[in-house]
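What the coordinates show
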Amino acid sequence: MRLPQEFADRMKKMLTEEEFSRYVESLDKPRYNGIRVNKLKMTPEEFLSISPFDLKPIPWCSNGFYYNREENPAKHPYYYAGLYYIQEPSAMTPASFLPVEPGDKVLDLCAAPGGKTTELGGKLQKKGVLVSNDISISRTKALLHNIEMAGIPNVVVLSEEPAKLAARFEGYFDKILVDAPCSGEGMFRKDPMMIKEWSPDKVEKYGALQKEIVSEAVKMLKPGGMMIYSTCTFAPEENEQTIEYLLERNEDLSLVELPMFDGFDHGHPEWSKTGREDLVHCRRLWPHRMEGEGHFVALLQKSPDSPIRKLRPYQYKKGKLAPELVEFLEESHLNLDPKRMEIYEERVFYMPEDLPDIKGLRIVRAGLFLGNLKKKRFEPSQPLAMAFGEGEGPKRVNLSVEDERLIRYLKCETIPVEADNGNVLICVENQPLGFGKVSNGTLKNKYRPSWRWMRG
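The sections below set out a description of the structure shown in this document. Just so we're clear, the structure is a prediction, and the values are computed from it rather than from any experiment. (Residues numbered from 1 in each chain as written. Predicted model: local features only at pLDDT ≥ 70, side-chain atom pairs only at ≥ 80, totals over all residues. Heavy atoms only, no water.)

Section: the pattern of salt bridges
In plain terms, the rule: Any Lys or Arg side-chain nitrogen located within 4 Å of an Asp or Glu carboxyl oxygen qualifies as a salt bridge. Helix and strand definitions follow DSSP, with helices as H or I runs of at least four residues and strands as E runs of at least two, each counted in order from the N terminus. Each residue gets one of three labels from its accessible area relative to the maximum for its type: buried under 20%, exposed over 50%, partly exposed in between, using a 1.4 Å probe on protein chains only.
On inspection of all chains with the given rule, the structure shows 29 salt bridges. Across the pair Glu-148 and Arg-365 runs a salt bridge whose closest N-O atoms are separated by 2.8 Å. Within this pair, whereas Glu-148 is found in helix α7 (residues 140-150), its partner Arg-365 is found in strand β16 (residues 363-366), the two being separated by 217 residues in sequence. Among the residues examined, Glu-148 registers a relative accessible area of 6% and is labelled buried.

A word on the side chain of His-76
The condition is simple: Contacts described as polar in this section are N or O atom pairs within 3.5 Å, which, within protein, must combine one atom able to donate a hydrogen with one able to accept it, while residues neighboring in sequence count only if both atoms come from side chains.
With respect to the helices and strands, His-76 occurs in the loop between β3 (64-67) and α4 (77-80). Reaching out from His-76, the side chain makes a polar contact with the backbone nitrogen of Tyr-78 at a distance of 3.0 Å.

Looking at the nonpolar core
Using the following cut-off: Residues enter a nonpolar core if they are buried and are Ala, Val, Leu, Ile, Met, Phe, Trp, Tyr or Cys, with the set joined through side-chain atoms within 4.5 Å. Residue contacts are defined here by distance: any two heavy atoms, one from each residue, within 4.5 Å place the two residues in contact.
Formed by 39 residues in total, the largest nonpolar core has its most connected members in Leu-109, Phe-169, Ile-176, Val-178, Met-220, Met-227 and Ile-243. Ignoring anything within four residues of it in the chain, the contact list for Met-220 reads Leu-107, Leu-109, Pro-162, Leu-165, Ala-166, Phe-169, Glu-170, Gly-171, Tyr-172, Phe-173 and Ile-176.

Quick notes on helix α2 (residues 17-26)
Convention followed: The reported arc concerns the directions from the helix axis to the C-beta atoms and nothing else.
If you check which residues of α2 are buried, you get Glu-19, Phe-20, Tyr-23 and Ser-26. Buried residues of α2, seen end-on, are gathered within an arc of 120 degrees and therefore sit on one face of the element. Each element contacted by the buried residues of α2 is listed here: α1 (5-14).

As for unusual backbone geometry
Cis geometry marks the peptide bond from Ala-112 to Pro-113, where omega comes out at 5 degrees. One non-glycine residue, Asn-440, lies in positive phi territory at about 55 degrees. The topology assignment puts Asn-440 in the loop between β22 (431-439) and β23 (442-445).

Topic: the sheet that holds strand β15 (residues 347-350)
The criterion, for reference: Strands are labelled as partners when DSSP assigns at least two bridges between them. Interaxial angles span 0 to 180 degrees and are taken between N-to-C directions of axes, which are lines fitted to C-alpha atoms, for helices over the stretch in contact.
With respect to topology, 4 strands assemble into an open sheet ordered β14-β15-β17-β18, the strand pairing being antiparallel. Of all strands in the sheet, those with a lone pairing partner are β14 (341-344) and β18 (377-380), marking the two edges. Taking the axes of each pair of neighbouring strands and ignoring which way they run, one obtains an average angle of 30 degrees across the sheet. Sheet topology places β14 next to β15; 4 bridges connect them, and they run antiparallel. Bridging across to β15, Tyr-344 finds its partner in Arg-347. Its contacts with the sheet put helix α12 (residues 323-331) on β14, β15, β17 (368-374) and β18, and the angle it makes with β18 is roughly 50 degrees.

Structure follows, in structure tokens:
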């Protein structure tokens, strides 16, 4: 693989001659593929007991696994049930290393297409608040799709500039993840077009942008809060020097040492401008040392003595719930707080609790979309089906992986079922896929057409 000369010259200075040769050789080898089990749905052990794939654990991610390139997990019913997310193995490090606890308030600042957001949602276990933001409104379509498929209910999806978010969420978040836009040097093997598009000017441009982003992000951390910064590039200007910039301008920030695994490298103070020794606490992943494309990760913590900010709270809309909605919630064993339900025309949403005021922000989705109120009936949504936990939802019709009706259901076809008349939840391995309505042994398919199975 032919590399830009200026890039090669820089990498030769960063690596030994022998290591640089190994790096170049690694770019001509097949890339590694990974899936990450959705902990909202099941444990890694439970998934392994039903997995049809030949899997090998990814050391730095407890719910991550390598799969063989001959397999296609995106074309399996378990994918449609949201049991896992397909993700490049080294890209699993940032969300894996951020110590999110259920009940935290968490921000994924540069979130699309949603790989890291879905892991953060799994860690929250439907408790607390997850704000998932991407400045590109077009990219939030894939982001929202992946959030809905993962079954994450306690989420707000935004499309805003970091500075505008910082003005609204100052000191609000317990944990923040910034997987910053970068020059993408770790994408060379995956996407050769990135090689053609690389230039020193691009590195300089992204280095400046990253400094702007993290400067706003840190304002949104609570005292004692923690922030992960990551990139999929190797340039010191976008890695050690960005962290150095942040630390030099924020005395209440400090680096937290991250775990080391075989093939990991520490951060390099000698590649910074000031030689800060604490930069060794960062972690570098090189594609010639480990089974992945490469990444940079740093974990920072704000001092618990930093000033506490008081934010204007979100004003939850008050309204009377329609009888048909109440009836559905009772039949589905959903114990939801009526004060957090909001109705816009016929659309019903269940909002996360303890939000600050988000009025005026560009909102893609706020809360879990429960469904639509029709004349004397309530139509539950596909996102609600995916968010049901054990014991929740209407009667379940569980189809095995081998059942030919399963793929037909995912193709939005009518199928025969043995169940009483009325609404049912179609499942695989007791994991929800979507709704249907039974009438005299025939299921009227309610699966979302835009999610339809497209193979065969």
